[in-house]
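Residue-level structural notes
What follows is each chain in one-letter form.
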Amino acid sequence: PGSIEVITAQEIQEMGAASVDDILEQAMGLMVSMDSGRAKVTNIRGTGNKRSLILVNGRRFAAG
């Protein structure tokens, strides 16, 4: 089963986000954490960052 959440431009403006990381930290069921102190990684409900797909304007977003 998959989980999809759409965050609109209006929601981004309302939350005052300065980066994609700020936006993702507000997403339901999504954890953003540091990986070896180098880059932030996503984790959806304990599935691990290898099973997370983040799209920005329909394009794959590679964190880090």
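The structure displayed is predicted, hence computed values, not measured ones.

**Remarks on the overall build of the protein**
Check the secondary structure of the protein and you find 2 helices and 4 strands. Counting from the amino terminus, the protein carries its helices and strands in the arrangement α-α-β-β-β-β. Counting every position in the protein, which comprises 64 residues, the buried fraction comes to 12%. Looking at the protein alone, contacts between residues at least 24 apart form 8% of all its contacts between residues at least 6 apart. Counting every atom, the protein has about 5300 Å² of accessible surface; 49% of that belongs to carbon and sulfur.

**A word on the environment of A27**
With respect to the element layout, A27 can be found in the loop between α2 (20-25) and β1 (30-35). Residue class for A27 comes out buried when judged on its relative accessible area of 13%. Linking A27 and E5, residues 22 residues apart in sequence, is a C-alpha distance of 7.4 Å. Contact partners of A27, with chain neighbours within four places excluded, come to E5 and I7.

Each value, and the rule that gives it
- Residues numbered from 1 in each chain as written.
- Predicted model: local features only at pLDDT ≥ 70, side-chain atom pairs only at ≥ 80, totals over all residues.
- Heavy atoms only, no water.
- Helix = DSSP H or I, 4+ residues; strand = E, 2+ residues; numbered from the N terminus.
- Buried < 20%, exposed > 50% of the residue type's maximum accessible area, 1.4 Å probe, protein only.
- Contact = heavy atoms within 4.5 Å.
- Areas by Shrake-Rupley, 256 points an atom, 1.4 Å probe, with all protein chains shown as cover.

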